[in-house]
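Tertiary structure, described
Letter by letter, the chains look like this.
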Amino acid sequence: MERVPVYLDSNVIIDMADGRENDLLGLVMRSIYEGPYCYPFSAEQISEITDNERQARNESRLMLLSDISRNVYFEHSINSLQFRTESTTQVYGTINEVSLSQNWEADFDNFISFEQQLEARTAYGLSTDDLNNLSAEEAMTKINSALSNYEYELEEGQIDPPRSLDDMMDYSEQNMREHFSQLWASMGTNIESQLRNGKLVSLFSLIDTFGFWSDSKRTYKKGSRLADSRHAFNGSYFKCVVSRDKRLLKKSEAAYKYLGITTQCFHTDEFKAHLYDLLS
């Protein structure tokens, strides 16, 4: 039987490991033994479910993730994109070989302040209240329309600014090529997945910036958007993504549909009901 890969957001793994989703855990284990699903793990999951100050809890969570994933690791890096066998403890050890002295994700993600993000949204006539009442496709259409119809005050000879989400993603890629040329040159044979990563991370950020199921100020300050966009990228190579974070799911769904990616998004409760029906 060919196994169907399912990507579990870190909050789902933590809920099962800490005893808050015992019913789901039972269904997940049954779906592994009886089919049709498998649950490979990622480095992002390892980073988010562990804490260097709580080793006993780390061991418990890593053991559970090992059982769920069967030690199938979704590896993505500049030089590699593959599913391969490696233990969760090995990946945890590799991640912790490099000690970061600061929360660089929060610094990177807050290069544009929360307030500047709100100002940009208002300037384009977009609001979270309006967009959140639309489907993913409708929201993306409205954002593109706002970008296309915005009246810029251009000086003579000035290049026309981006007028669509596609234009903005192209600008982001061009900026990457110009300012990170050494990294770009090192992409080698894995350039296709790196381009996909760049597009998804950029688009996920733009969707949040323009107001579709955007993060709260508190979440934004934590730098969670970059981590969420990485989960969205990982999930794009799986059949579906499961999370209890509705904002992550909505933004991922919008990005997937816009880019023609077939990954489905399930809230934890929806996936639990799906497994129950499947295995009954």
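The preceding data block contains the structure.
What counts, and where the lines are drawn
Residues numbered from 1 in each chain as written. Predicted model: local features only at pLDDT ≥ 70, side-chain atom pairs only at ≥ 80, totals over all residues. Heavy atoms only, no water. Axes fitted to C-alpha atoms, helices over the stretch in contact; angles between N-to-C directions. Helix = DSSP H or I, 4+ residues; strand = E, 2+ residues; numbered from the N terminus. Parallel < 35°, antiparallel > 145°, perpendicular 65-115°, else oblique. Left-handed = near helix turned anticlockwise from the far one by under 90°. Contact = heavy atoms within 4.5 Å. Phe/Tyr/Trp six-rings, centres within 6.5 Å; stacked < 30°, edge-to-face > 60°. Buried < 20%, exposed > 50% of the residue type's maximum accessible area, 1.4 Å probe, protein only. Lys NZ or Arg CZ within 6 Å of the ring centre and 35° of its normal. Core = buried A, V, L, I, M, F, W, Y, C linked by side-chain atoms within 4.5 Å. Salt bridge = Lys/Arg side-chain N within 4 Å of Asp/Glu carboxyl O.

1. Some thoughts on the packing of helix α14 (residues 224-235) against helix α15 (residues 246-259)
Running from amino to carboxyl end, α14 crosses α15 at an angle of 50°, the nearest separation of the two axes being 10 Å. Classed by the angle they form, the pair α14 and α15 counts as oblique. The hand of the α14/α15 crossing is right-handed. Taken together, the residues of α15 that come into contact with α14 (itself represented by Asp228, His231, Ala232 and Gly235) are Leu248, Ser252 and Tyr256.

2. Focus: the environment of Lys257
Relative to the helices and strands, Lys257 is located in helix α15. Along the primary structure Lys257 and Glu137 are separated by 120 residues, whereas in three dimensions their C-alpha atoms are 7.3 Å apart.

3. With respect to the packing of aromatic side chains
Enumeration over the complete set of coordinates arrives at 11 aromatic pairs. Aromatic pair Tyr124 and Tyr150: ring centres 4.9 Å apart, planes at 55°, arrangement tilted. Highlighted residues: Tyr124 in the loop between α7 (114-123) and α8 (128-131) and Tyr150 in the loop between α9 (136-149) and α10 (165-179), separated in sequence by 26 residues. For Tyr124, a relative accessible area of 17% gives the class buried. With a relative accessible area of 29%, Tyr150 lands in the partly exposed category. Site record: aromatic cluster; members linked through ring pairs are Tyr7, Phe74, Phe83, Phe233, Tyr237 and Phe238. Against the face of Tyr237 rests Arg196, its NZ or CZ located 4.2 Å from the ring centre.

4. What about the nonpolar core?
Counting 32 residues, the largest nonpolar core has Leu165 and Phe210 as the members making the most contacts within it. Looking at which element gives the most residues to this core, the answer is α9, with 6 residues. Leu165 has contacts with Met140, Ile143, Asn144, Leu147, Leu203, Leu206, Phe210 and Tyr258, leaving out every residue within four places of it along the chain. Counting 30 residues, the second largest nonpolar core, distinct from the first, contains Ile14, Met16, Ile32 and Ile68.

5. Side note on unusual backbone geometry
For residues other than glycine, phi is negative in most cases, and the peptide bonds are mostly trans. A cis geometry characterises the amide bond from Gly35 onward to Pro36, with omega recorded as 10°. Tracing the chain through its elements places Pro36 in the loop between α2 (22-34) and β2 (37-38). Unlike most non-glycine residues, Arg70 shows phi in positive territory, near 55°. In this structure, Asn71 is a non-glycine residue whose phi angle is positive, near 60°.

6. Side note on the pattern of salt bridges
For the structure shown, the criterion picks out 14 salt bridges. The closest approach of N and O atoms between Lys251 and Asp208, which form a salt bridge, is 2.6 Å. In this pair, Lys251 sits in helix α15 while Asp208 sits in helix α12 (residues 191-209), placing the two residues 43 residues apart along the sequence. Taken as a pair, Lys251 and Asp208 share a single burial class, namely buried. Salt bridges sharing partners connect three or more residues here, namely Asp15, Asp18, Arg20, Arg61 and Arg244.

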